[in-house]
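# Observations on chain architecture
So you can see what is in the structure, the chains are spelled out below.
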Amino acid sequence: MKTHQDVVQLAGRKTPSGDELRAALDGINAMANEGIGEIAAMARMACLAFESPDTYAHYLNEMAIVLDSISNRASQLMNDIGCEAESVGCTSLTDAERRRGMAWRVWRESVRTEGGAV
């Protein structure tokens, strides 16, 4: 298991200060509370709607939109929390994901050096 120091070194950043970590955790907590609250509310409403025969007869398209919205909000929340954690050097990337990221950055830089648009 990687330690925080390992992650910071892999990210090529200095160790964040206590204030930076506290601010990141506060941000993550706020995002998680808001996002999970939204997801829970939409899921509860969807469950209640499926208790009515009218939903099956008239509102399946709307329910599909609600379920898609739940999925989209969860994906957005995962991305937002990941970005906030990365801002202080924390990441849950696998070694393979890091290698792919590095390969993409090398490619991007080579294209820019050759005068291409990225």
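The coordinates are above.
Described in the following lines is the structure provided in the data block. Here the residue numbering is sequential within each chain, running from 1 through the sequence in written order. In view of the model being predicted, local features appear only for residues whose pLDDT reaches at least 70, and side-chain atom pairs are presented and counted only at 80 or more, with totals across whole chains, interfaces and linings using the full set of residues. Think of the side-chain values as coming from all heavy atoms in the structure, minus any hydrogens and water.

## Some words on the packing of aromatic side chains
So the rule is basically this: Working definition: rings of Phe, Tyr and Trp (its six-membered ring) pair if their centres are within 6.5 Å, and the pair is stacked with planes under 30 degrees apart, edge-to-face with planes over 60 apart, and tilted otherwise. Exposure is judged per residue with a 1.4 Å probe applied to protein chains only, and the accessible area is read against the type maximum: over 50% gives exposed, under 20% gives buried, and values in between give partly exposed.
A full pass over the atoms with the stated rule returns 1 aromatic pair. Measuring from ring centre to ring centre gives 5.5 Å for Phe50 and Tyr56, while their planes differ by 45°; the resulting arrangement is tilted. Relative accessible area serves as the criterion here: at 28%, Phe50 is assigned to the partly exposed category. Assessed through its relative accessible area of 47%, Tyr56 is described here as partly exposed.

## A look at the pattern of salt bridges
It is possible for side chains of opposite charge to pair when their charged atoms get near one another. Let me state the cut-off plainly: Throughout this description, the term salt bridge denotes a Lys or Arg side-chain nitrogen within 4 Å of a carboxyl oxygen of Asp or Glu. A run of H or I in DSSP counts as a helix once it spans at least four residues, and a run of E counts as a strand once it spans at least two, with each numbered from the N terminus.
A complete count under the given rule lists 3 salt bridges for this structure. The salt bridge involving Arg22 is made with Asp19; its shortest N-O contact spans 3.5 Å. Of this pair, Arg22 and Asp19 are both found in helix H2 (residues 18-49), 3 residues apart, which corresponds to roughly one turn of the helix. An identical accessibility class is assigned to Arg22 and Asp19; each is exposed. Here Asp95 ties to Arg98 by a salt bridge, and the two come within 3.2 Å at their closest N and O atoms. Of this pair, Asp95 and Arg98 are both found in helix H5 (residues 95-113), 3 residues apart, which corresponds to roughly one turn of the helix.

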